[in-house]
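In case you want the letters, here they are:
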Amino acid sequence: MDIDSDRVVALLQQVAAEEVMPRWQNLGEGDISYKDGVEPVTVADRASETALEEGLRAILPDAEVVGEEGVAEDPSRMELLRGAAWTWIIDPIDGTGNFSRGKPHFALMVALVRGGETHGAWIFAPALKRLAVGLRGEGAWLDGQARRLGPEGRAPAELSGTLHAGQFSPPEMAAKMRERRDRVKALRSMGSAGIEYLRLLEGEMQFSFFTKLMPWDHAPGSFLLREAGAVTRFTDDRQPYTPLRQSGEGLLIAPNQDRWDALHQTLFS
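Residues numbered from 1 in each chain as written. Predicted model: local features only at pLDDT ≥ 70, side-chain atom pairs only at ≥ 80, totals over all residues. Heavy atoms only, no water.

Chemist: Help me understand the packing of helix H1 (residues 5-20) against helix H2 (residues 43-59), please; the structure alone is not making it clear to me.
Modeler: Angle between the axes and distance between the axes: these two values describe a pair of packed helices. Relative orientation of the contacting elements H1 and H2 amounts to 150°, with a least axis distance of 10 Å. In terms of orientation, H1 lies roughly antiparallel with respect to H2. Crossing of H1 against H2: the hand is right-handed. Within the contact between the two elements, H1 uses Arg7, Val8, Leu11, Leu12, Val15, Glu19 and Val20 and H2 uses Ala44, Ala47, Ser48, Ala51, Leu52, Gly55, Leu56, Ala58 and Ile59. Across the contact of H1 with H2, the residue classes tally to twelve nonpolar, two polar and two charged. (Axes fitted to C-alpha atoms, helices over the stretch in contact; angles between N-to-C directions. Helix = DSSP H or I, 4+ residues; strand = E, 2+ residues; numbered from the N terminus. Parallel < 35°, antiparallel > 145°, perpendicular 65-115°, else oblique. Left-handed = near helix turned anticlockwise from the far one by under 90°. Contact = heavy atoms within 4.5 Å. Nonpolar A, V, L, I, M, F, W, Y, C, P; charged D, E, K, R; others polar.)

This is the structure we're talking about:
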């Protein structure tokens, strides 16, 4: 299928301009609530998802839609990812905690999948004015520049990256990462998976490990990194990332297979 990527980009920019940025640093009393008493969700999240869903359905009228807020209301919608239909995955605001505190590290993210495989991905960070786009077999682009992650020959102790094993991790995994973070150059998390994927595409860091595996957090960024030549695999069975899987030990991303193997040995053996 030919995907009109420019229409998706224009939609993301329009939704950010109309629904997200006017509310950034301008949330009122009652504009923030919490899912499961833990995760913040704002009126901007809901407005963004509604607008993105409407716009994406106009681009592909027969496609299904799986959005973070829609699944929060109806978890059965996650099963749409297992069907044969084209399906849009939406994260209306990734990094809602940052957004709600007036910080710029948040992003709108979209992926197009079918049969568990991603065919296109878009990440737009409006406050940072950063845009990443990728189509299957056509590579990944960051701010209009093609990205290709070159061979990374440094030892794991010289590689820098983020270890996301905290609030949403089993206690034993959180403890393991605390004990082993000095084996690598562990960087501070920016509080948004989308922003971490932009940092990886930029080459600002070389790896990330995530334990929260929701598809809207990783389908876009994982696809972009793979199009740029990186390796994204689950740490327990070493299988490539798929949005069909939302549980397991975690997801490890590295510049190539050799570095992935070395990092896995360093952090998990």
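Chemist: Where do I start with the sheet that holds strand S6 (residues 117-125) in this structure?
Modeler: The strand order S3-S4-S5-S6-S7-S8-S9 describes an open sheet built from seven strands, whose pairing is mixed. Edge positions in the sheet fall to strand S3 (64-67) and strand S9 (145-147), since each of these pairs with one other strand and no more. On average, each strand axis in the sheet is inclined to that of its neighbour by 20°, with strand direction left out of account. Taken together, the six bridges between strand S4 (residues 87-94) and strand S5 (residues 107-114) define a ladder with antiparallel strand orientation. Across the sheet, the residue bridging to tryptophan 88 is leucine 112, located in S5. Each of S4, S5, S6, strand S7 (130-135), strand S8 (139-142) and S9 touches helix H6 (residues 193-202); the most contacted strand, S6, lies at about 95° to it. (Pairing = 2+ DSSP bridges.)

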